[in-house]
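# Coordinates in review
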Amino acid sequence: MPATARKTMPKTPDHPLEALIRSDRIPHIWCPGCGIGTAFAAALTAMATSGLDLQKTCMVSGIGCSGRAAGYVNLDSFHTTHGRAIPFATGLKLGNPALNVVVFSGDGDLFAIGGNHFIHAARRNMDLTVICLNNLNYGMTGGQVAATTPFHARTTTTPMGNPEAPFNLPLLAWASGATYVARWTILHTRELTECIQKAIRKSGFSFIEVLGPCPVNYGRRNKEKSLQTLKMYQERTIIRNDPRMDDLEVDFTRQVVLGEFVDKDRPTCIENYDKTCRILE
Amino acid sequence: MEFWRVPLDTNTIEIAHGEVHIIEDRCKGCGYCIEFCPRSILAFAERFNAKGYHPPEVLRPEGCVNCHYCEIICPEFAIFSVAAPPPAPTA
């Protein structure tokens, strides 16, 4: 499809990621100040610079704001049903083990409706890279409480404050057997890009949580403008090596721990399957 | 930037220079590039873009050190910098 009549100045060079995005669909649907665009750009930069064969790389995403990423990337991509990004990605990888499969989706998709798939893919150690944009609520449907909404945070469905405790995603990933776990915010985008690069190159199940603001649905109800959220990411986060895994809750009344938490090696699902069930001559 | 002690090799260090390009009609005016530019060379423009947002504009083009932070923090693929020859010496 030809690019729509977006006028660029004749001498202006192209954006460095122009080849990787479907520029006829840009501007994207994400709200002003939304963190998904930055995390998406970090993922694209990491893919472009990691030396992968991009013809053999595909992006899979589920439903939600972050799920739109599959539609904006100029690679083979797969926009799947709600919560099922990881099963579709698992199928892709098993069907064609030469592919590099990157799952880019949101916290609601990966951990609420798709939580079960996440833990089992991590347990099997499927060779996937899962990037989860955590904006702490269900943004697309109007800002309802999610499995990652912090305690006492206000959302559409918890106007008095969230009475439930949120998931600690790195702890969940670690406990399920992920071989690479990291967490960054969109403000730490250089570290994020490096970690995504490392995760893509690594075989085994890699999980990266990216904290990003949702200014329109989450921020508005919690009196946070998007720039205030970013300031909070600057002031109330701490980078820690080898932290206690149960100390990683997202609670901005205390400090939120960022960093690379797990980096280990374990035989992947396909390796174990071949060794156990395939009779090789 | 002020130093309390000038580094000994300060004359031999070549500071990189960049040229900022803004694709104005993609901008949604979040202000991240303006707020987090380490050299504070960007500001909101008075004018509007096609979507009715104020895009950023470069106030001090000679201040850009081509760090690419505006490029990587921008959620809209709307701003980037490319390496440029250093500006003519002023002193």
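Use the structure listed above.
Heads up: these notes are all about the structure in this document. (Residues numbered from 1 in each chain as written. Chains lettered and ligands numbered in written order. Predicted model: local features only at pLDDT ≥ 70, side-chain atom pairs only at ≥ 80, totals over all residues.)

This next bit is on the interface of chain A and chain B. Contacts between chain A and chain B engage 26 residues on the former and 17 residues on the latter. Looking at the side of chain A that touches chain B, the elements that each hand over two or more residues are helix H1 (36-49), helix H7 (189-201) and helix H9 (226-235) of chain A. In terms of residues, the side of chain A that touches chain B owes the most to one element, H1 of chain A, which gives six residues. Per-class residue counts for the side of chain A that touches chain B are 14 nonpolar, 10 polar and two charged. (Contact = placed C-beta atoms within 7 Å. Helix = DSSP H or I, 4+ residues; strand = E, 2+ residues; numbered from the N terminus. Nonpolar A, V, L, I, M, F, W, Y, C, P; charged D, E, K, R; others polar.)

Residues and elements named next belong to chain A. One finds Ala43, Val103, Ile131, Ile196 and Val210 to be the most contacted residues of the largest nonpolar core, which totals 97 residues. For this core, the element with the most residues is H1, which contributes nine residues. Beyond its immediate stretch of four places on either side in the chain, isoleucine 131 contacts Ala39, Ala43, Val102, Val103, Phe104, Ile196, Ile208 and Val210. (Core = buried A, V, L, I, M, F, W, Y, C linked by C-beta atoms within 7 Å. Buried ≥ 20, exposed ≤ 12 C-beta atoms within 10 Å, placed from the backbone.)

Residue and element names in this part refer to chain A. Here we have eight strands laid out as an open sheet, ordered E2-E1-E3-E4-E6-E5-E8-E7, and mixed in their pairing. Of all the strands in the sheet, just strand E2 (76-79) and strand E7 (237-239) have a single pairing partner and so form its edges. Averaged over all adjacent pairs, the angle separating strand axes in this sheet is 20 degrees, with direction ignored. Of the strand pairs in this sheet, strand E4 (residues 129-134) and strand E6 (residues 206-211) are connected by six bridges, and their pairing is parallel. Looking across to E6, one finds that leucine 133 is bridged to valine 210. (Pairing = 2+ DSSP bridges. Axes fitted to C-alpha atoms, helices over the stretch in contact; angles between N-to-C directions.)

A separate point is the pairing of E4 of chain A. All names here are of chain A. Of all six residues making up E4, six are buried, and the element is well covered by its neighbours. Here E4 shows a buried face lined by Thr129, Ile131 and Leu133 and a second buried face lined by Val130, Cys132 and Asn134. When strand E3 (residues 100-106) meets E4, the two strands line up parallel, connected through five bridges. What sits directly across from phenylalanine 104, in E4, is isoleucine 131.

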